[in-house]
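Notes for the structure review
Spelled out from the first residue to the last, the chains are:
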Amino acid sequence: MPAVTADNILSLPRISGADPAVDRARPVVSVTSAPSGLEGEGFPVRRAFAGVDLKVLDPFIHMDQMGEVDYAPGEPKGTPWHPHRGFETVTYMIDGLMEHQDSNGGGGLISNGDTQWMTAGAGILHIEAPPEHVVVSGGLFHGLQLWVNLPRSLKFAQPRYQDITAGNVTLLSSPDGGSLVRLIAGDLDGYAGPGATYTPITLVHATIAPGASLTLPWREDFNALVYGLSGKGSVGAERRPLSWGQLAVFGSGTSITIAADEQQDSAHSAFDVYILGGQPIREPVAAYGPFVMNTKAELAQAFDDFQAGRLGTVPATPDARVPHGDVQGTTDNAE
């Protein structure tokens, strides 16, 4: 880990960092540890947002760290076909290989450093599973799946699929060259990531060398979250300890700081973190299972539409998609 690196980090464009005379460091509000669980057909995950108030996470709904696990032959697992409506799934594969298909005709292989961005919108069916040769051989599997909410006006957007390959990720360096910053989506210090977002967000995977510190300018109207992927370090000017499997929530301000400990564990040579933030939607959230809507009535309608086969068919057929306005309950008042 990780899959996407740079031959010479000093040759990359450099982030300017924060200006102490102008920027206000965001304080750390909380640090929580992600509990372990099983997803799909039984692959291990850590529930990154467990125990954190949705109002603090907004516009994010859910995030699983998948692995890190080194599968023996015959052990790799995926998910069966299942529906989604009302949000976007962002699957980032750090190490390993996963195959995706959906009822809108999207899909393909997600491999080392790739991101698969699926807008469920009005409704979609999809499946994620390791290819047969990976099941046979086993191997390293590590990734993240993030759920990004859609505002009420976009809940019934047409489903779409983005394949963001590792080679398209924007690579940046910290001013001192001690951190490699992978900008997957959004804007950071004037640089743009390749992911096209409905909801204004920024997604970053950073690798911080032992003893190095990374300070990023961060939009004041965005929230700010840092999740430890591997290794250990600290967050905030107060240097609050953060380790892999933990989520830090920052308060208000215009910059965030993450530092790596001088000594890392034997399995990892640096501190890897996933940094995310977005503009809060500030709308009611009614979420259950694979659906994220605004009201309980819309949730009930989503289940009815799924059971009636109106969220798509397998294999994909162009006329099976649900256009905006064909589903009842989309204009109910928020509960």
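Note that the structure is predicted; figures quoted are calculated from it, not measured.

So, on to the overall build of the protein. A count of helices and strands for the protein gives 3 helices and 26 strands. In terms of overall dimensions, the protein is globule-like: its C-alpha atoms have a radius of gyration of 20 Å, near the 20 Å expected for 335 residues. Seen through its principal axes, the protein has C-alpha atoms that stretch 55 × 50 × 35 Å. Counting over 335 residues, the protein shows a buried share of 54%. Relative to all contacts within the protein whose residues are 6 or more apart in sequence, the contacts with residues 24 or more apart total 74%. Accessible surface computed for the protein: about 13,600 Å², of which carbon and sulfur atoms make up 51%. Taken together, the 20 basic and 37 acidic charged side chains of the protein have centroids lying 6 Å from each other.

Most of strand β23 (residues 255-260) sits out of view: 6 of its 6 residues are buried. Residues Ser255, Thr257 and Ala259 of β23 are buried on one face, and the alternating residues Ile256, Ile258 and Ala260, pointing to the opposite face, are buried as well. Bridging between strand β18 (residues 213-217) and β23 involves 5 bridges; their strand directions are antiparallel. Along β23, the bridge assignment pairs Thr215 with Thr257. Here 3 bridges tie strand β20 (residues 232-235) to β23, and the two strands are oriented antiparallel to one another. Its bridge partner being in β23, Ser234 is matched across the sheet by Ala259.

Next up on the list: the sheet that holds β18. What the 4 strands build is an open sheet, ordered β18-β23-β20-β21; its pairing is antiparallel. Of all the strands in the sheet, the pair left with one neighbour each is β18 and β21 (240-243). Strand-to-strand twist in this sheet, taken as the mean axis angle between neighbours without regard to direction, amounts to 25 degrees.

A few words now on the packing of aromatic side chains. Tallied over the entire structure, the rule returns 5 aromatic pairs. For the pair Tyr92 and Tyr274, a centre-to-centre distance of 6.0 Å together with 20 degrees between the ring planes defines the contact as stacked. With a gap of 182 residues between them, Tyr92 in strand β6 (residues 87-95) and Tyr274 in strand β24 (residues 271-278) connect regions that are remote in the sequence. Neither Tyr92 nor Tyr274 differs from the other in exposure class; each is buried. Ring centres of Phe291 and Phe303 lie 4.8 Å apart, and the angle between their planes is 90 degrees; on these two criteria the pair is classed as edge-to-face.

Right, let's get into the sheet that holds strand β4 (residues 60-71). Strand-to-strand pairing in sheets goes through backbone hydrogen bonds, with the strands running parallel or antiparallel. Spatially, the 7 strands line up as an open sheet ordered β2-β3-β4-β11-β6-β9-β12, and their pairing is antiparallel. A single partner strand is all that each edge strand has here, and the edge strands are β2 (36-39) and β12 (160-164). The sheet shows a mean angle of 25 degrees between the axes of neighbouring strands, direction not considered. Across 5 bridges, the pairing between β6 and strand β9 (residues 115-119) is antiparallel. Bridge pairing in β9 places Tyr92 opposite Thr115.

Attention now moves to the environment of Pro175. Relative to the helices and strands, Pro175 resides in the loop between β13 (170-173) and β14 (179-185). The partly exposed category is assigned to Pro175, whose relative accessible area is 41%. With 160 residues separating them along the chain, Pro175 and Ile15 place their C-alpha atoms 6.0 Å apart. In contact with Pro175, not counting residues within four places along its chain, are Arg14, Ile15, Ser16 and Gly17.

Moving on, we come to the nonpolar core. For soluble globular proteins, nonpolar side chains are generally found buried alongside one another. With 32 residues, the main nonpolar core has Phe49, Leu203 and Tyr274 as its most contacted residues. Among the secondary structure elements, those contributing two or more residues to this core are β4, β6, β11 (139-149), β14, β17 (201-208), β19 (225-230), β22 (246-250) and β24. Beyond its immediate stretch of four places on either side in the chain, Tyr274 contacts Met63, Tyr92, Leu144, Ile184, Leu203, Val204, His205, Leu225, Val226, Tyr227 and Leu229. Ile15, Leu188, Phe222 and Val273 belong to the second-largest nonpolar core, a separate cluster that totals 26 residues.

Taken as a whole and assessed by the stated rule, the structure comprises 5 salt bridges. Here Asp305 makes a salt bridge to Arg85, at a shortest N to O gap of 3.0 Å. Taken together, the positions of Asp305 in helix α3 (residues 296-307) and Arg85 in the loop between β5 (79-84) and β6 put the pair 220 residues apart, joining distant regions of the chain. Pair check on accessibility: Asp305 and Arg85 agree, each one buried. Across the salt bridge formed by Arg219 and Asp221, the nearest N and O atoms sit 2.7 Å from each other. Take Asp221: its relative accessible area is 35%, and that puts it in the partly exposed class. Among the charged side chains, a salt-bridge network with shared partners connects Arg85, Asp305 and Arg310.

Scoring rules and cut-offs
- Residues numbered from 1 in each chain as written.
- Predicted model: local features only at pLDDT ≥ 70, side-chain atom pairs only at ≥ 80, totals over all residues.
- Heavy atoms only, no water.
- Helix = DSSP H or I, 4+ residues; strand = E, 2+ residues; numbered from the N terminus.
- Rg over C-alpha atoms; globule rule 2.2 N^0.38 Å.
- Buried < 20%, exposed > 50% of the residue type's maximum accessible area, 1.4 Å probe, protein only.
- Contact = heavy atoms within 4.5 Å.
- Areas by Shrake-Rupley, 256 points an atom, 1.4 Å probe, with all protein chains shown as cover.
- Lys, Arg positive; Asp, Glu negative; His and termini not counted.
- Charge placed at Lys NZ, Arg CZ, Asp CG, Glu CD.
- Pairing = 2+ DSSP bridges.
- Axes fitted to C-alpha atoms, helices over the stretch in contact; angles between N-to-C directions.
- Phe/Tyr/Trp six-rings, centres within 6.5 Å; stacked < 30°, edge-to-face > 60°.
- Core = buried A, V, L, I, M, F, W, Y, C linked by side-chain atoms within 4.5 Å.
- Salt bridge = Lys/Arg side-chain N within 4 Å of Asp/Glu carboxyl O.

Don't take any of this as a statement about function, it's just geometry.
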